[in-house]
Amino acid sequence: MVTLVCCVMFKHIYVYIYIYFFVVVVEVLMFYLSFLSLQEFKLMYGMLFSLKSFIKKLSPTDVKEGFLSYQTSKYKLHYYETPTGIKIVMNTDIAVGNVRDVLQRAYSTIYVDFVVRNPLCSLDEPIQSELFKQKIDAFVRGLPFFSARVT
Amino acid sequence: MLRTESTKINLMRPLGQPALACAGYRWRENYYSHQRRGGYNIGVRIIEDFLARTNVGRCHDFRETADVISKNAFKLYLGVTPTVTNWSPAGDEFSLQLDSNPLAEFVELPDNHTGLSYSSLLCGVLRGALEMVQMAVDVRIVQDTLQGDLQTELRLRFLRRIEESMPAGEE
């Protein structure tokens, strides 16, 4: 079973987007590389922003968690936002269930430990830290639903 | 950020800065802005650490915010639980009363700076942290044990909600 994963983090006001992703299947790599341009990320941000406000307006009761994920025939996009406006997005295979706790762990163990606590990482700019990249790489590779297709 | 760290360390030392003492009033002004800015930088990051460590969700109103600040945040970082009192009638202003201020526990103000507001770092921290959760607040020190009062009192006033806006040129 192939699992495609992509992680994106960005702040709520600025479109300073840090892109980090890795794809399991090599032939799809080129497709995703061309897909995730800065323009696409701006569109993604706009889409998530509109979707969030739409969901809030449409909900009959007060939304507790709001937008969790959306699913297409090809992939599933999971979304987690902290009260401070940090958004974590992960795209996976459609067979993957609720990963909100995974994204929460990614935030608290990796983002906070390696970006927030790093005095050299400015919170207003894309994340340049190599250590952060390594840690998130290892984290996603260690997820139970991450699998490499044997070609 | 390195400047912020040095600000934190400075607080742990008694206030004896001979070179700066001669600047007088100007120094005091710089001290306040330095403390507030350093505190703001600390606050901006400490809120993320706080959210990661405690799984407190978004607060629904200012009263809930006040409770979380006193019972969770202060307890976690300074080990003290201030009392939330003196709510304004509109419910947008409250006081945090600390019987013991951990930042000023071993501090004595020198004679030529007796009016110095030593705990203005706390004001900056609270302002920075709350700004990151979309609340603009004004924090000031009302009572200070270093000035001879019995307790330290911080007054927080809710200014407005910071709305999440689309970045320029997106629409």
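Above this text sits the structure in question.
Residues numbered from 1 in each chain as written. Chains lettered and ligands numbered in written order. Predicted model: local features only at pLDDT ≥ 70, side-chain atom pairs only at ≥ 80, totals over all residues. Heavy atoms only, no water.

(A) Summary view of the overall build of chain A. Per the secondary structure count, chain A includes four helices and five strands. Mapped in sequence order, the helices and strands of chain A form the string β-β-α-α-β-β-β-α-α. Each of the 151 residues in chain A was classed as buried or not, and the buried ones make up 46%. Look at the contacts in chain A between residues 6 or more apart in sequence, and 52% of them connect residues 24 or more apart. Carbon and sulfur atoms make up 58% of the accessible area of chain A, which amounts to about 8,000 Å² in all. (Helix = DSSP H or I, 4+ residues; strand = E, 2+ residues; numbered from the N terminus. Buried < 20%, exposed > 50% of the residue type's maximum accessible area, 1.4 Å probe, protein only. Contact = heavy atoms within 4.5 Å. Areas by Shrake-Rupley, 256 points an atom, 1.4 Å probe, with all protein chains shown as cover.)

(B) Molecular detail of the side chain of R45 of chain B. Within the element layout of this structure, R45 of chain B appears in helix α3 (residues 25–53). Overall, R45 of chain B belongs to the buried group, its relative accessible area being 10%.

(C) Quick peek at the packing of helix α3 (residues 100–116) of chain A against helix α4 (residues 130–141) of chain A. All names here are of chain A. Following both chains from N to C, one finds α3 and α4 inclined at 160°, their axes separated by 10 Å at the closest point. Our classification of the angle between α3 and α4 gives roughly antiparallel. Here the hand of the crossing between α3 and α4 comes out right-handed. The segment α3 lies against α4, with V102, R105, A106, I110, Y111, F114 and V115 engaging L131, F132, K135, I136 and F139. Broken down by class, the residue content of the contact of α3 with α4 amounts to ten nonpolar, no polar and two charged. (Axes fitted to C-alpha atoms, helices over the stretch in contact; angles between N-to-C directions. Parallel < 35°, antiparallel > 145°, perpendicular 65-115°, else oblique. Left-handed = near helix turned anticlockwise from the far one by under 90°. Nonpolar A, V, L, I, M, F, W, Y, C, P; charged D, E, K, R; others polar.)

(D) Layout of the pattern of salt bridges. Per the counting criterion, the structure on display carries eleven salt bridges over all chains. As a salt-bridge pair, R141 of chain A and D137 of chain A come within 3.0 Å of each other at their nearest N and O atoms. Residue R141 of chain A and its partner D137 of chain A are both found in helix α4; the two are separated by four residues, about one turn of the helix. Look at R141 of chain A and you get partly exposed, because its relative accessible area is 46%. Close ionic contact of R157 of chain B with D138 of chain B constitutes a salt bridge, the shortest N to O distance being 3.7 Å. Of the two residues, R157 of chain B is situated in strand β4 (residues 152–161) and D138 of chain B in strand β3 (residues 135–143); the sequence distance between them amounts to 19 residues. Given a relative accessible area of 31%, R157 of chain B falls into the partly exposed group. Taken together, the shared-partner salt bridges connect D113 and R117 of chain A together with D49 and R53 of chain B into one network. (Salt bridge = Lys/Arg side-chain N within 4 Å of Asp/Glu carboxyl O.)

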